[in-house]
Amino acid sequence: RPPFCPVPPPPRPPPQPPPQPRPFPPLPPVPPPPSPAPLPAPPPRDTAAAKMDVNLAGRLLMGALSPNNQERQEAERHLQKHLDTNAENLFRAVLQLLRTNKNPQVRMLCAVLMRRRLVNGEPVLFDTLSDQLRATFQRELLKAVVEETTGLARKNTWTP
């Protein structure tokens, strides 16, 4: 047995209350995004006007990225109509946007759209393209992968 110690241990200090969290300053109000111009109806299938304009494709893709559900649905509906009636010209415009658009979100959406619709769709649209256009797509997509500065857009670019 240990010997008896006549000196009691020192008293414990009282517990400290937890520190109070500092309140965050209020966030400034977020201005609503500007409304894009209304989307035009897709051109008829069998005319020279059926060629997809790069500016129109850019507006449709920006509309597909819109937080406004109505604008997004309208843009998606127009994109689907172009896919059904004029997919080759739509993909030419999307490829050009993938290489030249300043907005990384648009470039990423271009890459995703091409990967999902060009090579994974039913029927596989890539197989229906002419040999010359296939070679152009492969060359331009490889350039896009190499030159892309945004990781997400690079990751979503697929080369057939």
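Model, not experiment: these values are computed from the prediction.

Draft legend 1. Fine view of the side chain of E140. Structurally, E140 is set in helix α5 (residues 131-147). There is a polar contact of 2.5 Å between the side chain of E140 and the side chain of R99. With near-sequence residues (within four places) excluded, E140 lies in contact with L95 and R99.

Draft legend 2. Region of the structure containing the nonpolar core. Ranked by size, the top nonpolar core spans 29 residues in total, and within it L61, F91, L98, M114, L118 and F137 carry the most contacts. Looking at this core, the elements with two or more residues in it are α1 (54-64), α2 (69-100), α3 (104-119), α4 (125-128) and α5. Ignoring anything within four residues of it in the chain, the contact list for L61 reads L79, V94, L97, V106, L109, C110 and L113.

Draft legend 3. How the structure looks around the packing of α2 against α5. At their nearest, the axes of α2 and α5 sit 10 Å apart, and the two run at 25 degrees to each other. Taken together, the axes of α2 and α5 are roughly parallel relative to one another. The two elements α2 and α5 cross, and the hand of that crossing is left-handed. Listed contacts from α5 to E88, F91, R92, L95, L98 and R99 of α2 are L133, F137, E140, L141, K143, A144 and E147. Class assignment of the residues belonging to the contact of α2 with α5 gives a composition of seven nonpolar, no polar and six charged.

Draft legend 4. Molecular detail of the pattern of salt bridges. Considering all chains together, one arrives at four salt bridges under this definition. With a closest N to O distance of 2.5 Å, E140 and R99 form a salt bridge. With E140 in helix α5 and R99 in helix α2, the pair connects residues that are 41 residues apart, well separated along the chain. Using a relative accessible area of 19% as the deciding quantity, one classes E140 as buried. We note a salt bridge from K143 to E140, for which the minimum N-O separation is 3.7 Å. With K143 and E140 both in helix α5, this residue pair falls three residues apart, about one helical turn. With relative accessibility at 35%, the residue K143 sits in the partly exposed group.

Thresholds, definitions, all that
- Residues numbered from 1 in each chain as written.
- Predicted model: local features only at pLDDT ≥ 70, side-chain atom pairs only at ≥ 80, totals over all residues.
- Heavy atoms only, no water.
- Helix = DSSP H or I, 4+ residues; strand = E, 2+ residues; numbered from the N terminus.
- Polar contact = N/O pair within 3.5 Å; in protein donor to acceptor, adjacent residues only side chain to side chain.
- Contact = heavy atoms within 4.5 Å.
- Core = buried A, V, L, I, M, F, W, Y, C linked by side-chain atoms within 4.5 Å.
- Buried < 20%, exposed > 50% of the residue type's maximum accessible area, 1.4 Å probe, protein only.
- Axes fitted to C-alpha atoms, helices over the stretch in contact; angles between N-to-C directions.
- Parallel < 35°, antiparallel > 145°, perpendicular 65-115°, else oblique.
- Left-handed = near helix turned anticlockwise from the far one by under 90°.
- Nonpolar A, V, L, I, M, F, W, Y, C, P; charged D, E, K, R; others polar.
- Salt bridge = Lys/Arg side-chain N within 4 Å of Asp/Glu carboxyl O.

The values are spatial; any link to function lies outside them.
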